[in-house]
Amino acid sequence: MSSGFAALCLLLLRTGALGFGLLPGKSLNHQEITEKAILNSTLQVCRALAQADGTDFTFPPFTAKAVAVACGEPQSCKSFRRAIIFIVLRNIRVDIRHALNASFHFDDEMFVQGRKIITEGILAVKASNKQENFEAARQKLGEILHPLQDFYSHSNWVELGNKLPNSNLIRSDTSIGNIADKSRATCRNCDGDDCRNNILGDIIEEKVLTSGYFGIGPFFSSKPKGKCSHGGALDQTSNVEPKGGISKDTFSSSHGHLHTDAANLAIAATSGLMEDIRGAAGDRPFLQMLGISKGSSKALCFVIDTTGSMSDDIAAVRTVTSSIINSKVGTEDEPSVYILVSFNDPDFGPLIKTTDPNVFKSAINSLSAAGGGDEGELSLSGLQLALTGAPSNSEVFLFTDAPAKDKRLKSTVIALIERTQTVVNFMISESTVLNRRKRSDDTKIRPRIAASDAQLYRDLAQASGGLAIEVTKNELSVATSIITESSSSSLVTLLQAARSPGKTDTFSFLVDETVTNLRVYITAHSLAFTLTGPTGQSQQISERTGSLITASQSVGNFKTLQLKRQVGLWKIKMVSSNPYTLMVIGQSAIDFLFDFVEASQGPLTGYDALDSRPRAGVNGSLLVSLTGSDSATVTEVALVKSSGSEEIKGVVEPQGGGSFLVHVDMMPSVEFVVRVKGQESVAPGAPLIVFQRQSSTNFRASNLTVMADSDSILVPGTPFSVPFSVMTTGVGGNFTIRATNNRQFNSTSPTNLFLETGSSANDTVTLSAPLNTPSGSDVTLIIEVEAPGGGDTNYVVLRFSILNTVTDFTPPVCELLSLQSNCSDICSLSMWELSVQVTDGAEGTGVERVSLRQGNGTMNTSLTAGKANITLVSYSSSCCSPDVELLVVDRVGNVASCFYSVRKSPTTAVVSLSTRAVQSFLLCFSITILGLSLPF
């Protein structure tokens with residue numbers, strides 16, 4: 001075992017990993033197992049990076065906040081927590097949507113089929129990471145962790161006496177084991193409720209793999225003669241001889257006496273799979289997949305009109321880009337990713353996505369304004385592309401001086417805004433406030449954008465919680481200051497509201513002790529307001545500075561206020577007959593995440609995250625998670641109607657780990673925002689901090705239910721079917737169907753479906769990716785359904801990974817050519833060196849990367865002239881660093897770890913990383929963990 005894995009064992013020993021104070025007899029579930037494995041893997045990576053930098057690393061408590069802080073990236077706390085929740089919910093979804101598919105659970109001796117799900121998924125995760133499509137990688141990772149974990153509970157791997165996980169579950173080029181023939185009996189009846197000895201002796205002695213059969217209600221089919229059952233009250237096969245079961249899901253399961261062993265193996269296997277993915281991705285991309293990055297977790301995303309009249313706007317974007325990059329690179333406010341999409345007519349895109357600020361600056365500098373001539377541009381097409389390419393919870397800035405030519409995409413864009421909870425700000429120059437010259441003829445005056453065209457941008461901004469800023473081109477550079485402010489880390493929304501038509505209204509917002517840099521953003525034409533602070537002091541709009549406002553600025557329809565920091569309840573009275581928007585933001589570590597969830601309608605209980613709008617007029621649920629504090633708790637969650645102050649409060653049920661399940665009696669059919677109130681205990685005996693946060697995004701429910709599910713891997717050149725269903729509880733008739741995708745792939749779909757009230761209908765969308773589509777790309781499909789008359793819409797948003805057929809499943813191989821040392825007792829005066837030949841086989845895809853996983857020496861690589869797939873590696877080091885571990889990755893992500901040492905007796909070892917990982921994790925777990933349990 002290398003020192004890297006030994007260090008991980010030490011880490012687990014010191015932190016009590018997986019002991020976590022569980023009450024005796026209480027079981028762990030998929031959620032807890034997955035979260036703890038992610039935290040373990042993250043700490044292992046961060047510790048390695050700290051060692052490489054020569055810095056100390058302190059083992060923290062096992063919470064997302066503490067781990068992000070230990071990794072030196074506290075500003076990533078929210079995005080790290082978001083990634084964990086996303087992966088966990090995808091894991092749980094397998095039990096809800098594939099409850100009776102034996103392959104996803106290794107039931108019914110479906111070993112080959114179960115492993116195929118895992119290995120194909122691993123390939124997709126690795127390819128997605130390579131293309132920096134981290135959300136697609138997270139999605140597939142969650143799906144494959146479920147069957148991997150189920151193997152140890154549902155098969156007899158534990159009963160066979162195995163103390164290590166089955167490393168062949170994550171490799172498709174090896175044997176899973178000696179699988180029982182379909183005709184071979186594997187079990188006998190249990191002795192009443194005692195099932196300890198129901199697996200046949202010859203199965204145990206010959207190390208034959210089997211798993212329990214499972215069947216429910218109308219889905220029940222008789223199991224083969226003599227086979228084991230899963231067991232439990234739901235499993236009808238357990239009442240057919242041989243009776244009983246072998247499941248180790250909980251302590252009360254048929255083989256619950258082995259539950260702890262199964263749990264330990266499942267955790268070890270999960271961590272081993274994560275290590276394999278880490279090896280293929282590299283440490284920094286692996287952390288990015290998990291939401292941890294240097295600098296801010298936010299993206300800097302621009303969508304820019306490049307037609308002829310936009311020269312001034314592009315120049316302003318260049319200026320603000322340079323300002324952000326020059327002032328924030330290397331700080332905690334540095335954007336984690338930079339995204340650029342250009343549009344005009346008839347083109348839009350491509351999407352440029354990079355983590356390199358210089359690449360982004362070069363892309364901005366290369367933009368030029370040309371062409372045009374008609375009124376509209378493809379602004380919504382460019383925005384759709386940005387929304388599907390940017391991380392969730394991003395902020396997008398769209399620059400244009402023209403109306404949208406593709407207004408038909410409005411509902412599609414709103415669907416993506418709701419699903420990604422992304423804020424969209426529109427920087428509209430000149431067109432809505434001044435006449436501009438027609439692009440094709442400077443002697444003609446271009447008419448102003450029609451009111452409906454300008455309103456489209458305002459509607460989209462309001463739906464996202466963003467701003468529609470309308471200025472002259474001369475004023476644009478001043479208005480772009482909002483971009484610099486919004487790129488700050490840890491921004492939270494205290495209040496977001498809009499009134500259209502305008503009316504006099506009073507809004508309140510709570511400022512707590514953790515909030516700093518308090519700002520108010522207002523968009524309006526002709527508005528008055530009165531601001532009242534917590535102590536009762538007031539200030540009018542006419543007073544630019546005073547007792548409450550330290551600075552203010554107005555440009556076009558946009559006003560920004562910097563407020564003095566005063567803890568307590570503030571009020572602002574808005575007076576205007578014109579439409580206006582109001583937003584209050586600040587900086588604070590404490591924030592919240594949430595998903596709309598729905599109780600399972602299938603045989604297993606649980607909640608599934610929605611990919612669509614929740615159902616209107618009936619009860620609903622949200623899963624809320626706090627970020628930035630391990631001591632904060634939620635006291636109230638309310639759905640506040642966007643058009644007024646009416647609210648629907650929910651019932652809050654703590655779930656542990658900073659998560660809360662919230663039930664509301666009725667989901668409103670009008671637009672609403674989510675407001676969370678809570679309190680934090682800073683120290684024993686200290687006053688509680690009472691806080692309030694609000695979602696930026698506006699949501700609405702629907703009387704339509706749209707559901708779709710499909711294999712999440714799309715193969716280029718092969719038609720890909722996505723079945724979907726539509727149900728209505730509202731009006732019946734002909735429903736319009738629109739299916740769009742962000743990659744412009746060829747697709748076929750129905751244009752309408754006829755439904756009667758209370759009925760449902762099914763159909764299919766078919767996609768086809770071109771053969772040259774790169775592996776690791778992804779595609780987002782939006783299926784929209786519109787009720788007759790257009791009064792109600794719903795959608796489902798699906799993301800699919802694209803994976804070309806892979807034939808190389810074998811890791812690269814290291815061959816030691818020479819190892820020489822003159823090490824003495826004074827290590828600093830002596831050196832050692834080695835030479836290694838790395839190959840990927842004649843049929844391999846070739847070695848892509850050789851890196852140092854361990855070692856402080858100097859490594860050089862070179863390709864062997866005239867020989868394909870052969871890389872020579874030379875390494876030299878002081879004898880004070882006697883170990884080296886080479887990480888070798890081929891072009892499809894197969895990973896090998898090659899370990900060498902000159903400690904006293906020079907030794908060499910070459911081991912597959914995936915095998916080494918699970919062995920090392922389990923060795924550590926078997927020493928440190930007692931009383932652990934896991935329901936799968």
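Reading guide: rules and limits
Residues numbered from 1 in each chain as written. Predicted model: local features only at pLDDT ≥ 70, side-chain atom pairs only at ≥ 80, totals over all residues. Heavy atoms only, no water. Helix = DSSP H or I, 4+ residues; strand = E, 2+ residues; numbered from the N terminus. Contact = heavy atoms within 4.5 Å. Areas by Shrake-Rupley, 256 points an atom, 1.4 Å probe, with all protein chains shown as cover. Phe/Tyr/Trp six-rings, centres within 6.5 Å; stacked < 30°, edge-to-face > 60°. Buried < 20%, exposed > 50% of the residue type's maximum accessible area, 1.4 Å probe, protein only. Salt bridge = Lys/Arg side-chain N within 4 Å of Asp/Glu carboxyl O. Disulfide = S-S within 2.5 Å. Lys, Arg positive; Asp, Glu negative; His and termini not counted. Polar contact = N/O pair within 3.5 Å; in protein donor to acceptor, adjacent residues only side chain to side chain. Expected span 1.5 Å × (residues − 1).

Student: Explain the overall build of the protein chain residue by residue, including any values.
Tutor: A count of helical and extended segments in the protein chain gives 17 helices and 45 strands. A separation of at least 24 residues holds for 73% of the contacts in the protein chain among residues at least 6 apart in sequence. With the model as given, the accessible surface of the protein chain reaches about 35600 Å², and the carbon-plus-sulfur share is 50%.

Student: Tell me what's going on with the packing of aromatic side chains, and back it up with residues and numbers.
Tutor: Counted under the stated rule, the structure contains 21 aromatic pairs. Each ring, one from Phe57 and one from Phe59, has its centre 5.9 Å from the other, and the planes form 70 degrees; the classification is edge-to-face. Here Phe57 matches Phe59 in class, with each residue buried. Where Phe720 meets Phe800, the ring centres are 4.9 Å apart and the plane angle is 70 degrees; that geometry is what we call edge-to-face. Taken together, the residues span a long stretch of sequence, with Phe720 in strand 31 (residues 720–728) and Phe800 in strand 37 (residues 793–802) at a distance of 80 residues.

Student: Got a sec to walk through the pattern of salt bridges? Specific residues and values, please.
Tutor: With the rule as written, the count across this model stands at 41 salt bridges. For the salt bridge of Glu120 with Lys116, the shortest nitrogen-to-oxygen distance reads 4.0 Å. Taken as a pair, Glu120 and Lys116 lie in helix 5 (residues 111–130) at a separation of four residues, close to a single helical turn. Asp173 is paired through a salt bridge with Arg171; the nearest N and O atoms lie 2.8 Å apart. If you follow the salt bridges from partner to partner, you end up with Arg90, Arg93, Arg97, Asp608, Asp611 and Asp709 in one network.

Student: With reference to specific residues and values, describe the state of the cysteines.
Tutor: For the structure shown, the criterion picks out six disulfides. A disulfide bridge connects Cys46 with Cys71, and the sulfur atoms are separated by 2.0 Å. In this structure, the disulfide formed by Cys46 and Cys71 twists by about 100 degrees around the S-S bond and is classed as right-handed. On the criterion of sequence distance, the pair formed by Cys46 in helix 2 (residues 30–53) and Cys71 in the loop between helix 3 (64–70) and helix 4 (77–97) is long-range, its members being 25 residues apart. Comparing Cys46 with Cys71 shows no difference in burial state: the two are buried. In this model, Cys823 is linked to Cys879 through a disulfide, with the two sulfur atoms separated by 1.9 Å.

Student: Give a description of the side chain of Asp406 that names residues and reports values.
Tutor: Mapped onto the fold, Asp406 is located in the loop between strand 6 (395–400) and helix 13 (410–420). One buried charge, Asp406, has no salt-bridge partner; the nearest side chain with opposite charge is Arg408, at 5.2 Å. A distance of 3.2 Å separates a polar atom in the side chain of Asp406 from the backbone nitrogen of Leu380. The contacts of Asp406, once residues within four sequence positions are left out, are Glu377, Leu378, Ser379, Leu380 and Ser381.

Student: Describe helix 5, and please don't skip the residues or the numbers.
Tutor: With 20 residues, helix 5 extends 29 Å from end C-alpha to end C-alpha; this agrees with the ideal 28 Å at 1.5 Å per step. Within helix 5, 15 of the 20 residues are buried, which leaves the element mostly enclosed by the surrounding structure. The first or second residue beyond helix 5 is Glu132, which carries a positive phi of 60 degrees.

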